[in-house]
Amino acid sequence: ISPYNGSRCPKPVGLNNLGNTCFFNAAVQCLARCMPLTNFILSKDFERQINPNNPKSSKGKIAQAYRSFLEDLCKGSGYARDPSQLRRAVVSKFKRFANFGQHDSQELLCSLLDGLHEDMNQSAYAKGNESPRQTDSNSDSWDVHVSRNSSPIVDIFHGVLYSSISCPECKRVEKVRDPFMFLSLDIPRLRFNVKLNDCLSSFCQKETLDERNKWKCEGCKNMVKATKEMGVERCGQKILIIHLKRFSGEGYFASKIDTSVDYPDELDAKTFANNDRGTFRLIGAVFHSGGLGGGHYTAAAVDPESNDWYNFNDSMATKINRSEAHKGGAYILFYQRN
């Protein structure tokens, strides 16, 4: 039995292309099926979460337009929807998407989530309703981040990265934590096919400094061959978005990496995160086909009501097998915590 009330669940329908807006359509088709966010946006708590006093917000314009967009998707299926109202709201704050040229789907998704976050940021720093959270000279980037950012976007999507350096003599460890919303992974260029776990392993690095790069330990004051480590502390509480870095450089030097990446239906966080023992299931993927000049974005996402998978190609929504949601050209992956 589906845990979702059918009238409050996005239907598997297409979105009209407004003119080179496949990058937009593919991203929001996947985001709409991130049900922890969709359920909140459609809940009675949504209006109270809006913070029009935040100078960084769109005064609720983006959040309200996204709610209207979701409500439209939840209506009866059968016809493609018009996302122009949501696009106008996004463009009002993020002017770089104003033209009808091809843009990067990940950049659009980042901007939309940022817009939703700032519209719903209730931290004291954003002139919201919450009490101030104190930080001091010992606070790291994550502490500062959560003192200034409090929204469902933070609660659902934001994870923690870490970097540390340790002394082999006195065992002192210095550690810093940073927030992330997208786990951006490099893809090896010179291989035809790689597994997602290989990309995750490459991201989590550990190295020992050599004689030429010794580090002065603040504990024992010695110059030592310290061990540096970086990786994922923990994933977002509900959703993990993985961004596969297929594009590099700019202008004349821009290039695309076409290496096929094999990714699983289920991801075990303990295989790559230091302090996360959860499992995540694949719920969506954005694909990019073609080259830099004339590429096209599509998406695959699971229908939360039926648990069936659909391919979304602008105005077309076609039921597919689960295996068809695994294409080598995946660009953005959406995983939801079990």
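Here the structure is a predicted model, which means the values were calculated and not measured.

About the criteria used
- Residues numbered from 1 in each chain as written.
- Predicted model: local features only at pLDDT ≥ 70, side-chain atom pairs only at ≥ 80, totals over all residues.
- Heavy atoms only, no water.
- Helix = DSSP H or I, 4+ residues; strand = E, 2+ residues; numbered from the N terminus.
- Rg over C-alpha atoms; globule rule 2.2 N^0.38 Å.
- Buried < 20%, exposed > 50% of the residue type's maximum accessible area, 1.4 Å probe, protein only.
- Contact = heavy atoms within 4.5 Å.
- Axes fitted to C-alpha atoms, helices over the stretch in contact; angles between N-to-C directions.
- Parallel < 35°, antiparallel > 145°, perpendicular 65-115°, else oblique.
- Left-handed = near helix turned anticlockwise from the far one by under 90°.
- Pairing = 2+ DSSP bridges.

Visitor: Explain the overall build of the protein chain to me, please; I cannot follow it from the model alone.
Guide: Looking only at helices and strands, the protein chain has nine helices and 18 strands in total. Radius of gyration (C-alpha) of the protein chain: 21 Å, near the 20 Å computed for a compact globule of 338 residues. Of all 338 residues assigned to the protein chain, the portion counted as buried reaches 50%. Counting only contacts in the protein chain whose residues sit at least 6 apart along the sequence, the fraction spanning at least 24 positions is 69%.

Visitor: Whenever I open this one, the packing of helix α4 (residues 61–73) against helix α6 (residues 105–119) confuses me. Can you help?
Guide: Each packed pair of helices is defined by two parameters, the angle between the axes and the distance between the axes. One way to put it is that α4 packs onto α6 with a least axis distance of 7 Å and a crossing angle of 110°. If you check the angle between α4 and α6, you find them roughly perpendicular. Seen along the crossing, α4 lies across α6 with a hand that is left-handed. Along the contact surface, α4 presents K61, I62, A63 and Y66, while α6 presents L112, G115, L116 and D119.

Visitor: Is there a simple way to think about the pairing of strand β17 (residues 316–320) in this case?
Guide: Each regular strand displays side chains that alternate between the two surfaces of the sheet. Relative to β17, strand β16 (residues 309–313) is paired through five bridges, and the arrangement is antiparallel. Bridging across to β17, N313 finds its partner in M316. Remark: two residues form the turn of the hairpin made by β16 and β17, two consecutive strands paired antiparallel; D314 in that turn has positive phi of roughly 50°.

Visitor: Whenever I open this one, the sheet that holds strand β2 (residues 173–180) confuses me. Can you help?
Guide: Hydrogen bonding along the main chain pairs the strands of a sheet, whether they run parallel or antiparallel. The strand order across the open sheet built from four strands is β2-β1-β8-β5, with neighbouring strands paired in antiparallel fashion. Among the strands making up the open sheet, the edge pair consists of β2 and β5 (205–208). With strand direction ignored, the average angle separating the axes of adjacent strands in the sheet is 20°. Where β5 and strand β8 (residues 227–234) come together, four bridges link them in antiparallel fashion. Among the inter-strand pairings, T208 is bridged to a residue of β8, identified as T227. Its contacts with the sheet place helix α7 (residues 141–148) against β1 (159–166), β2 and β8, and it is angled at close to 35° to β2.

Visitor: Sorry if this is basic, but what is going on with the side chain of T298 here?
Guide: With respect to the helices and strands, T298 occurs in strand β15 (residues 296–302). Overall, the relative accessible area of 12% leaves T298 in the buried class.

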